[in-house]
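Examining the three-dimensional arrangement
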Amino acid sequence: MRRTASPLALILLGLGVFLLVLSPMLAWYVEPRAKRTPTDVNITSVFTGTGKYFDQQELKTKSGQKLTVTRRVLGDVAASEKSGRAVWNVSQVIDNPKTRKLDDPRKSFQWTTERLVTDRKNNRPVNCCGSKPKDIAGEAYLKWPFDVEKRDYSWWDSSLGATVPLRYKGEAKVRGHQGLRFSGTVKPTRAGTRQVPGLLVDQPKRGQVNAEEWYSNSGLDFIVDQRTGRILYAATGPKLVLRAPGGKADKVTLLQSDKLAFTKKTQQEAVGLAKDDNSQLRMVGSVAPIGAVTAGGVCAAAGAVLVARGRPAPGRARHAPDRPAEA
């Protein structure tokens, strides 16, 4: 007797095959393409600590002051879509107790802006789309690459205007979330010049001089989420001083702090974003593929069994011929 497959059997078999094909696509095609630097970012990070700063009104360095660094990163989505790069506008403000109350970057102790453009896949800086400065280099800056390795990295120091080697220091936790720690220091390095009254650098006979700015850092410390490269915790110990032209001694301390670190709120927000990103990558990289191959195997097996068993084909019933009537 001829048998045919039921619609249910064909549906199960087709669904099973689809899920079995979908599983490796999620793991090998979708997940790697999900590991791309985001373009629609809007993140504010705050560092706080105590230290020194030069009061320009009183013309002296004040010690034991609360310092605040506020950095905002805003993605330029239009430029990112057009270029295929991650284009981030960065604004960083350093405030002392006086300027903090004003809540105006133009009146802050120091205000700097940057335009960071990176390759969305490997996190490397790219000189395009109005990047500022144009010579940004290194493997890490505002984030690390995806799948951070347990090795040393070159990090861009915007105050220095050059890269700094950060050593891998092992694993560490931030608010209960596991990350990788990287640390480094910067030796005193000439970072530029600034025109100031000669009196400030012990040259009272000269009206204005191009004093040398020297920068150093006693402790750069970062804890980074391994899968996403997000910075969970950051601390810095900057020192910026003035020296007389050609001089070797520090004459004026413009800014100094042994430690400016992420606030608790900034740490919590960073950990929350890292957890969300990890969950999404885990979903497309492992949970969904495993679920798809499991469900696909069950559906395909059930559909194959039903197809093999089939059901009787519909047709006309055969009747025995009528017997002729007896005479």
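Keep in mind the model is a prediction, meaning the values are calculated, not measured.

1. Overview of the overall build of the chain
For the chain, the count of helices and strands is four helices and 14 strands. Counting all 327 residues of the chain, 42% fall into the buried class. The long-range fraction of contacts in the chain, counting pairs at least 24 apart against all pairs at least 6 apart in sequence, stands at 60%. Accessible area of the chain: about 18700 Å², with a carbon and sulfur share of 54%.

2. Some remarks on the confidence of the model for the chain
Across the chain, the average pLDDT comes to 84, with 75% of residues at 70 or higher. Across residues 26-33, where pLDDT falls below 50, the model places 16 contacts with residues more than four positions away in sequence or in other chains.

3. Considerations on the side chain of Glu 114
Looking at the element boundaries, Glu 114 is found in strand 5 (residues 110-118). Buried charge without a partner: Glu 114 forms no salt bridge, and the closest opposite charge is Arg 71, 7.3 Å away. At 2.6 Å, the side chain of Glu 114 forms a polar contact with the side chain of Tyr 141.

4. Describing the environment of Ser 257
Inspection of the secondary structure puts Ser 257 in strand 12 (residues 252-257). Between the alpha carbons of Ser 257 and Pro 238 there is a distance of 5.8 Å; along the sequence they are 19 residues apart. Apart from the residues lying within four places of it in its own chain, the contact partners of Ser 257 are Thr 50, Gly 51, Leu 67, Ser 218, Thr 236, Gly 237 and Pro 238.

Thresholds applied
Residues numbered from 1 in each chain as written. Predicted model: local features only at pLDDT ≥ 70, side-chain atom pairs only at ≥ 80, totals over all residues. Heavy atoms only, no water. Helix = DSSP H or I, 4+ residues; strand = E, 2+ residues; numbered from the N terminus. Buried < 20%, exposed > 50% of the residue type's maximum accessible area, 1.4 Å probe, protein only. Contact = heavy atoms within 4.5 Å. Areas by Shrake-Rupley, 256 points an atom, 1.4 Å probe, with all protein chains shown as cover. pLDDT = per-residue confidence, 0-100. Lys, Arg positive; Asp, Glu negative; His and termini not counted. Salt bridge = Lys/Arg side-chain N within 4 Å of Asp/Glu carboxyl O. Polar contact = N/O pair within 3.5 Å; in protein donor to acceptor, adjacent residues only side chain to side chain.

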